[in-house]
Amino acid sequence: MKNITYCHYLDHVCGLKYCLTNKYVKVEYKQTPETFIVEEIIDLDSLNYSNVDGEYILYKLVKKGIDTLYAIRKISRYFKIPESNIKYIGLKDRDSTSIQYISIKKYLIKEKCSSINKLVLDSQNIKLYCVGYINRKLTRKALIGNKFSIKIGEAIHRDVVSDIFKKIIVHGLPSYYGYQRFGTKRYNTHLIGKYIVLKDYSRAVNELLYSLYPRESIDSLLARAMNKLDRIYRLHYERRISRLLRKKKILEDIIFSLRKPLLLLFVEAYLSYLFNEALNKFIETHKWIDDREICVYGPRCNNNKELYYDILLREGLTSFSLIESLRSLGLSGWKREIMLKPINPKILIRNGELWISFILKMGQYATIVLRELFKENLVI
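Residues numbered from 1 in each chain as written. Predicted model: local features only at pLDDT ≥ 70, side-chain atom pairs only at ≥ 80, totals over all residues. Heavy atoms only, no water.

Visitor: Give a description of the overall build of the protein chain that names residues and reports values.
Guide: Counting its secondary structure elements, the protein chain contains 12 helices and 15 strands. Taking 21 Å as the expected radius of gyration for a compact globule of 380 residues, we find that the protein chain reaches 22 Å, a close match to that expectation. Taking the principal axes of the C-alpha coordinates as reference, the protein chain spans close to 60 × 60 × 45 Å. When the 380 residues of the protein chain are sorted by exposure, 51% land in the buried category. Carbon and sulfur atoms form 50% of the exposed surface of the protein chain, whose accessible area is close to 18,700 Å². Each charge sign in the protein chain was given a centre, from 65 positive and 40 negative side chains, and these centres are 4 Å apart. (Helix = DSSP H or I, 4+ residues; strand = E, 2+ residues; numbered from the N terminus. Rg over C-alpha atoms; globule rule 2.2 N^0.38 Å. Buried < 20%, exposed > 50% of the residue type's maximum accessible area, 1.4 Å probe, protein only. Areas by Shrake-Rupley, 256 points an atom, 1.4 Å probe, with all protein chains shown as cover. Lys, Arg positive; Asp, Glu negative; His and termini not counted. Charge placed at Lys NZ, Arg CZ, Asp CG, Glu CD.)

Visitor: For the nonpolar core, give the residues involved together with the corresponding values.
Guide: Judged by nonpolar contacts, the single largest core of 83 residues is most densely connected at I150, I152, L274, L322, F358, L370 and L373. Per-element tally for this core: the top contributor is helix 9 (residues 260–286), with 14 residues. Ignoring any residue separated from it by four or fewer positions in sequence, one finds I150 in contact with Y29, T35, F36, L354, W355, I356, F358, A366 and L370. L61, I81, I109 and C130 belong to the second largest nonpolar core, which has 19 residues in total. (Core = buried A, V, L, I, M, F, W, Y, C linked by side-chain atoms within 4.5 Å. Contact = heavy atoms within 4.5 Å.)

Visitor: Give me the packing of aromatic side chains: which residues, what numbers.
Guide: By the definition in use, this model includes 11 aromatic pairs. Consider the rings of Y201 and F256, whose centres lie 5.9 Å apart with planes at 75°: the pair is edge-to-face. Taken together, the residues Y201 in helix 5 (residues 201–209) and F256 in the loop between helix 8 (251–255) and helix 9 connect sequence positions 55 residues apart. Since its relative accessible area comes to 11%, Y201 is described here as buried. (Phe/Tyr/Trp six-rings, centres within 6.5 Å; stacked < 30°, edge-to-face > 60°.)

Visitor: Describe the packing of helix 4 (residues 189–197) against helix 5, listing the residues and the values that go with them.
Guide: Across the interface, helix 4 lies against helix 5 with an axial gap of 8 Å and an inter-helix angle of 165°. Considered as vectors, helix 4 and helix 5 are oriented roughly antiparallel to each other. Crossing angle aside, the handedness with which helix 4 passes helix 5 is left-handed. Contacts between helix 4 and helix 5 involve L191, I192, Y195 and I196 from the former and Y201, R203, A204, E207 and L208 from the latter. Residues of the contact of helix 4 with helix 5, tallied by class, amount to seven nonpolar, no polar and two charged. (Axes fitted to C-alpha atoms, helices over the stretch in contact; angles between N-to-C directions. Parallel < 35°, antiparallel > 145°, perpendicular 65-115°, else oblique. Left-handed = near helix turned anticlockwise from the far one by under 90°. Nonpolar A, V, L, I, M, F, W, Y, C, P; charged D, E, K, R; others polar.)

Visitor: Explain the packing of helix 3 (residues 158–171) against helix 12 (residues 366–374) residue by residue, including any values.
Guide: Remark: helix 3 packs on helix 12, axes separated minimally by 10 Å, with the N-to-C direction vectors making an angle of 130°. One finds that helix 3 runs oblique with respect to helix 12. In this structure, helix 3 meets helix 12 at a crossing whose hand is right-handed. Seen from helix 3, the contacting residues are V161, I164, F165 and I168; seen from helix 12, they are V369, E372 and L373. Of the residues that constitute the contact of helix 3 with helix 12, the class distribution is six nonpolar, no polar and one charged.

Visitor: Now, about unusual backbone geometry: what can you tell me, with residues and values included?
Guide: What is expected of a backbone is that most residues other than glycine have negative phi and most peptide bonds are trans. Within the chain, K199 stands out as a residue other than glycine whose phi angle is a positive 60°. Tracing the chain through its elements places K199 in the loop between helix 4 and helix 5. One non-glycine residue, N351, lies in positive phi territory at about 55°. The exposed category is assigned to N351, whose relative accessible area is 81%.

Visitor: Lay out the state of the cysteines in plain terms, naming residues and giving numbers.
Guide: Overall, the coordinates contain three disulfides when judged by the stated rule. Put simply, C113 and C130 are joined by a disulfide, and their sulfur atoms are 1.6 Å apart. Across the S-S bond of C113 and C130 the torsion is about -135°, and the bridge reads as left-handed. Within this pair, whereas C113 is found in the loop between strand 5 (97–105) and strand 6 (118–123), its partner C130 is found in strand 7 (residues 126–134), the two being separated by 17 residues in sequence. Grouping residues by exposure puts C113 and C130 together as buried. A disulfide bridge connects C295 with C301, and the sulfur atoms are separated by 1.6 Å. Taking the sign of the torsion about the S-S bond as the criterion, the disulfide between C295 and C301, at about -80°, is left-handed. For C295, a relative accessible area of 1% gives the class buried. By sequence order of its bonded cysteines, the protein chain has the disulfide arrangement 1-2, 3-4, 5-6. (Disulfide = S-S within 2.5 Å.)

Visitor: Give a detailed account of the side chain of S272, specifying residues and quantitative values.
Guide: Within the secondary structure, S272 sits in helix 9. A polar contact of 2.8 Å, which involves the side chain of S272, links it to the backbone oxygen of E268. In this view, S272 contacts Y177, R181 and F182; residues no more than four positions away in its chain are not counted. (Polar contact = N/O pair within 3.5 Å; in protein donor to acceptor, adjacent residues only side chain to side chain.)

Visitor: Got a sec to walk through the environment of Y210? Specific residues and values, please.
Guide: As for its placement among the helices and strands, Y210 is situated in the loop between helix 5 and helix 6 (218–225). For Y210, a relative accessible area of 29% gives the class partly exposed. Spatially, the C-alpha atom of Y210 lies 7.3 Å from that of A225, the residues being 15 residues apart in sequence.

Visitor: Lay out the environment of F374 with the relevant residues and their values.
Guide: Along the chain, the position of F374 falls in helix 12. F374 sits in the buried class, given a relative accessible area of 0%. C-alpha separation for the pair F374 and Q364, spaced 10 residues apart in sequence, amounts to 18 Å. The contacts of F374, once residues within four sequence positions are left out, are Y24, V25, V27, Y29 and I152.

Below, the structure is given as C-alpha cells:
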C-alpha cells in the first residue's frame, strides 16, 4: 500500500504522503455548508451538568458558512463581553454547518438560562441555544469526538464508496493533520509558524502579507503584487500588522502583538507539518500503521527523536533550538495517535442522494477520509 503517494494536489504542501488505495470516486466533491455537517459530542457528566444552576452557562452554537473565530466575535459583541471570556473546544470549518459548544461564566450574563434549548441569539448564519449549566470549565477533555454527515453525491457512486470505506474501516488511515490546518487558499499557516520558531520575523511578516498563492482570487493577487493591501485585508490581524508596519514598529513586536491564540495557531500548524512528515517516515519504516502514538514535538514530549532528526535538519532546526522556541511560547508538545479509524460508519441514501456518516476522535480530520475517497477530485 505504501507506494500510493501524494493523491491530492495539496499533499506536498502539507506533508500528506501516503494513501490507502488507488480507487476514487469519479466526481468532484466540494465541501459546502449544505454538504458537510459536523457536530461535537461532549460528555456532560464530566462537566457536572445541571439544568438548574451552575458556575458557567453552556450554550450550543449552530453556525453555517462562517468560521468559529468570527462567530465568537459576534457573540462577544452580543453579550458585550471580551472574546477571552468565551470558552470553546475547537475550531470548525467555515465551509460547513457546525454544531459546537461554548461556555461563559454565569455572572457575566444578565439573563439566566430559563429553559433548555432556549434560542438566545438568532443572527445571520448563527443560532445560539442555552443548554443549561456546568460547574467545570469547558475544555477539550470533555470532547468525546465529532460526528460528521457528508453528502457525497448521487446514489450511483455507492459501490465504489462502499469499497473504499470498507478498506478504511479494516486498515485505517494515517491520522494526518488535514488541509485546513495549513490553509487552503493561502496555504502558509505553517510557514508563518516556522519563521516565528526560527525568529525570522521579517519572513513571517512577508508571508503573512505579501506572498502570492495561485489559489487566491485575481483581485487579491494583484493587490498584494501592487502593494495596494487595504483592498484585500479582510482579516483583523492582517489589518493590524499593516497599520503597525506603517508606524515602523519593530518586526518582533509586530508579530508578538498578535493575540496569543492566533500566534499559537501558526506555531502549532508548523508542529502539525512536522508531525505529518514524521508519520510519513514511520510508515516507511513499519510498512503501514498501527495504534501507536507519535509525539507532536515539545519540551514535555520530545521522544521519537529518530523520526524527527532528518526532518529538523532539513528545516534548519535542531532539537534544542526547537524545544527552546516552543518553551518560550508555552507549548509543551502532546501525543497523537497515528491511525484514524471512523467510528460507527454508515452509508445512507436520502432522497436519491448518497450520504456517509461517522464519528472521529478529537483532533482527527474528516478531510483525510474525503481525500481517500476522492483523491484529486476533492476540491479544497
